[in-house]
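Here is how the chains run, residue by residue.
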Amino acid sequence: MRYLSTRGGMPPKTFTEILLGGLAPDGGLAMPEFYPEINPAELESWRSLDYPSLAFAILSRFMDDLPADDLRTLITRTYTPKVFGSEEITPVQTLEPGLHLLHLSNGPTLAFKDIAMQFLGNLFEYVLAKNNEELNILGATSGDTGSSAEYAMRGKQGIRVFMLSPYGKMSAFQTAQMFSLQDKNIFNIAIEGVFDDCQDIVKTVSNDQEFKQKYHIGAVNSINWARIAAQIIYYFKAYFAVTRSNGETVSFSVPSGNFGNIFAGHVARMMGLPIRQLILATNENNVLDEFFRTGLYRPRTTTETKQTSSPSMDISKASNFERFIFDLTGRDATRVKALWKSVDQGGSFDLSGTDLWQKIREFGIISGTSNHAERIATISEIYRKFNTLIDTHTADGLKTGMELREPDIPLICLETALPVKFADSIQEAVGFAPERPAGYDNLEKLPQRFERMAADAGQIKRFIINQIESSSQDQER
Ligand SMILES: *Cc1c(COP(=O)(O)O)cnc(C)c1O
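Small disclaimer: the values here were computed from a predicted structure and weren't measured.

> It is not clear to me how the domain arrangement of the protein should be interpreted in this structure. Could you clarify?
Accessible area lost during the coming together of the parts is what is often quoted as the interface size. Examined at the domain level, the protein breaks down into domain 1 (3-86 + 111-223 + 445-476) and domain 2 (92-109 + 225-430). Once you take the C-alpha centre of each, domain 1 and domain 2 turn out to be 23 Å apart. Contact with domain 1, which involves 60 residues of that partner, is made by 54 residues of domain 2. Carbon and sulfur atoms make up 62% of the area that domain 1 and domain 2 hide from each other, which totals about 4,900 Å². When the buried surface of domain 1 facing domain 2 is broken down by residue, Arg 7, Arg 47 and Phe 112 rank first, second and third, together holding 17% of it.

Shown next, in the form of structure tokens:
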């Protein structure tokens, strides 16, 4: 399997060659040159596989330049009941006949990003060791992504994480989750500013090509192809959990932000998984819902981006969306490049009235939006009816999913975080605080380790250099 850029300007590369890179050199995103087709006999034979075996069957199609035994080892080390809380890894709960909840949030940081990120941690460590390289991950977070990356990379050989977050702006739970990590390769940098200041510093540092090369600076953002690939697995797993035979179809509803999770569902569908609808749910930041209803893709400015009670979906543009448009155009890189010419300059595009808009229904994606009051009402309703607590993001998904689903087609709603992470909204909805899973009782009382710094890229660079140099001296001693 080789990888191409959505904008056509990258010679075909292997999986390992694209693994550690961010954007392709032409500004596009890496895409597999084709989707492996899973025929009915194969699909039938996958039905009885456990999670690691299913993961191997799927990932080996996309990561075929890794020796099969090594890939299998990385997978079995990642997907264990110890890390994800159950043998099934992503268990399905039936709320009522035809309505299911796919639990994706039982990893270390209690949000679905762990599923891909935990695998990425092991994969990065393996590839870096093999090539005798090291990597310094620089990122900015307002919560979920940063902690998921830190818990995936902690203690990994050859990897350091420098994670910027806005000082005093994350919830106490999120802050404690990140800052209580004592691992030597994890550096929490609390910036005196807001999330956008953190992101600007990351951009400034990453645009310094000389610094970036010399100090092996990289990222683990949501456009990483390996993250998408690892998210395909649970669509198959959930399909098998709620159906008896491969003649049946199901629909999924997906709380969406950067279009990574739902794009993995799209890939599963393209591979031949009998998915009828992929229901895309947004919060008040409805840039994607607007597109799927009207054909207009209009990224927002940061000032237009609202802070909501489902904060991990508060996006101004959807980084992975370009991958979908690549498929919609029949993989016409010239056309994608032309469309993103205006997007990259802060503009928009409108596909309504074009040949592409006529084709869009073939892809099964439909969409809806919810607001804070609707999230709260959904959390309360699901609790009353099914005695099950869901978080605010999952509530966005359930609300739009139940609204748009078709009768007689089972609906699987993706749970993307546990309610304990958003205790205020849960309190508002049901009148009591969510229970903490075992092991998280004293989280906020643990000692915290972080550096507080001004929003100054120069200072961050010096800090990174110092840490790299002092840890390599440690190794020489
Ligand atoms: C990241 C995140 C999302 C959005 O997922 P995308 O892949 O960016 O669409 C939804 N819910 C939660 C809890 C998240 O952390």
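Okay, back to it.
> Got a minute to help me understand the environment of Thr 378 in this structure?
Residue position: Thr 378 is located in helix α17 (residues 372-386). Relative accessible area serves as the criterion here: at 5%, Thr 378 is assigned to the buried category. Sequence spacing of Thr 378 and Thr 394 is 16 residues, and the spatial spacing of their C-alpha atoms is 9.4 Å. Apart from the residues within four sequence positions on either side, Thr 378 is in contact with Ile 390, Ala 395, Leu 398 and Lys 399.

> What's the story with unusual backbone geometry in this structure? I'm lost.
Backbone geometry follows two general trends: most residues other than glycine have a negative phi, and most peptide bonds adopt the trans configuration. Even without glycine at this site, Arg 331 takes up a positive phi of about 65°. For Arg 331, the position within the fold is in the loop between α14 (321-328) and α15 (333-344). Phi is positive for Asp 408, close to 75°, though the residue is something other than glycine. Within the element layout of this structure, Asp 408 appears in the loop between α18 (392-404) and β14 (411-415). Residue class for Asp 408 comes out exposed when judged on its relative accessible area of 78%.

> What is the right way to read the site of the ligand from this model?
Surveying the vicinity of the ligand reveals 15 residues, the closest of which are Lys 113, Gly 257, Asn 258, Asn 261 and Thr 416. At a separation of 2.7 Å, an oxygen atom of the ligand approaches a polar backbone atom of Asn 258. Here a nitrogen atom of the ligand and a side-chain polar atom of Thr 416 are 2.9 Å apart. Residue composition of the shell around the ligand, by class: five nonpolar, eight polar and two charged.

> What is the right way to read α17 from this model?
An α-helical segment advances 3.6 residues per turn. Residues three or four places apart therefore align on the same side. Taking 1.5 Å of rise per residue, the 15 residues of α17 would be expected to cover 21 Å, and the 21 Å separating its terminal C-alpha atoms lies within 8% of that figure. Every buried residue belonging to α17 is among Arg 375, Ile 376, Thr 378, Ile 379, Ser 380, Ile 382 and Phe 386, and all of these are buried. Of the surrounding secondary structure, the elements contacted by the buried residues of α17 are β3 (92-96), β4 (99-103), α18 and α19 (423-430). Looking one or two places after α17, you find Asn 387, whose phi comes out positive at around 55°.

> Would you explain the pattern of salt bridges in this entry?
Pairing between side chains of opposite charge can happen when the charged atoms of each approach one another. As enumerated under the stated definition, the model contains 22 salt bridges in all. Between Asp 344 and Arg 7 there is a salt bridge, and its shortest N-O distance comes to 2.9 Å. Linking Asp 344 in helix α15 with Arg 7 in the loop between β1 (3-5) and α1 (15-19), this pair joins segments that are 337 residues apart in sequence. Since its relative accessible area comes to 12%, Arg 7 is described here as buried. Here Arg 77 makes a salt bridge to Glu 125, at a shortest N to O gap of 3.8 Å. Highlighted residues: Arg 77 in helix α4 (residues 68-78) and Glu 125 in helix α6 (residues 113-131), separated in sequence by 48 residues. By relative accessible area, Glu 125 is classed as buried at 17%.

> Where do I start with the side chain of Glu 415 in this structure?
Mapping Glu 415 onto the fold places it in strand β14. Buried within the structure, Glu 415 lacks any salt-bridge partner; Lys 421 is the closest side chain of opposite charge, at an N-O distance of 11 Å. Polar contacts involving the side chain of Glu 415 include one to the side chain of Ser 105, which spans 3.0 Å. Setting aside chain neighbours within four positions, we find Glu 415 in contact with Leu 101, Leu 102, His 103, Leu 104, Ser 105, Phe 112 and Thr 394.

> Quick question: what am I supposed to make of the sheet that holds β4 here?
Sheet strands pair by backbone hydrogen bonding; their relative direction is either parallel or antiparallel. Strands sit in the order β3-β4-β14-β9-β10-β13 across an open sheet of six strands; the sheet is mixed. Bordering the open sheet on either side are β3 and β13 (365-369), each of which pairs with just one other strand. Each adjacent strand pair in this sheet contributes to an overall mean axis angle of 25°, direction not counted. Bridge count for strand β9 (residues 250-255) against strand β10 (residues 275-282) is five bridges, and the pairing is parallel. When the sheet's bridge partners are listed, Val 254 is paired in β10 with Leu 280. Where helix α11 (residues 225-242) meets the sheet, it contacts β3, β4, β9, β10 and β14, and its direction lies at approximately 135° from that of β9.

> So what exactly am I meant to see when it comes to the pairing of β10 here?
Successive side chains on a regular strand alternate, one facing one side of the sheet and the next facing the other. In terms of burial, β10 is largely enclosed, as seven of its eight residues are buried. Between β9 and its parallel partner β10, the chain crosses via helix α12 (residues 260-270), and the hand of that crossover is right-handed. Direction of pairing for β10 relative to β13: parallel, over a ladder of five bridges. Its bridge partner being in β13, Leu 280 is matched across the sheet by Ser 367.

> How should I be thinking about the packing of α14 against α15 in this particular structure?
When two helices pack together, their arrangement is given by the angle between the helix axes and the distance between those axes. The N-to-C vectors of α14 and α15 enclose an angle of 135°; their axes lie 9 Å apart at closest approach. In terms of their interaxial angle, α14 and α15 are classed as oblique. Of the two possible hands of crossing, α14 and α15 adopt the one that is right-handed. Facing Phe 321, Glu 322, Ile 325 and Phe 326 of α14, the residues of α15 in contact are Ala 333, Val 336, Leu 339 and Trp 340. Classifying every residue of the contact of α14 with α15 gives seven nonpolar, no polar and one charged.

Calculation notes
- Residues numbered from 1 in each chain as written.
- Predicted model: local features only at pLDDT ≥ 70, side-chain atom pairs only at ≥ 80, totals over all residues.
- Heavy atoms only, no water.
- Domains from an automatic or database assignment.
- Contact = heavy atoms within 4.5 Å.
- Buried area = accessible area lost by both parts, 1.4 Å probe.
- Helix = DSSP H or I, 4+ residues; strand = E, 2+ residues; numbered from the N terminus.
- Buried < 20%, exposed > 50% of the residue type's maximum accessible area, 1.4 Å probe, protein only.
- Near = heavy atom within 4 Å.
- Polar contact = N/O pair within 3.5 Å; in protein donor to acceptor, adjacent residues only side chain to side chain.
- Nonpolar A, V, L, I, M, F, W, Y, C, P; charged D, E, K, R; others polar.
- Expected span 1.5 Å × (residues − 1).
- Salt bridge = Lys/Arg side-chain N within 4 Å of Asp/Glu carboxyl O.
- Lys, Arg positive; Asp, Glu negative; His and termini not counted.
- Pairing = 2+ DSSP bridges.
- Axes fitted to C-alpha atoms, helices over the stretch in contact; angles between N-to-C directions.
- Right-handed = clockwise from strand over helix to strand, strands pointing away.
- Parallel < 35°, antiparallel > 145°, perpendicular 65-115°, else oblique.
- Left-handed = near helix turned anticlockwise from the far one by under 90°.

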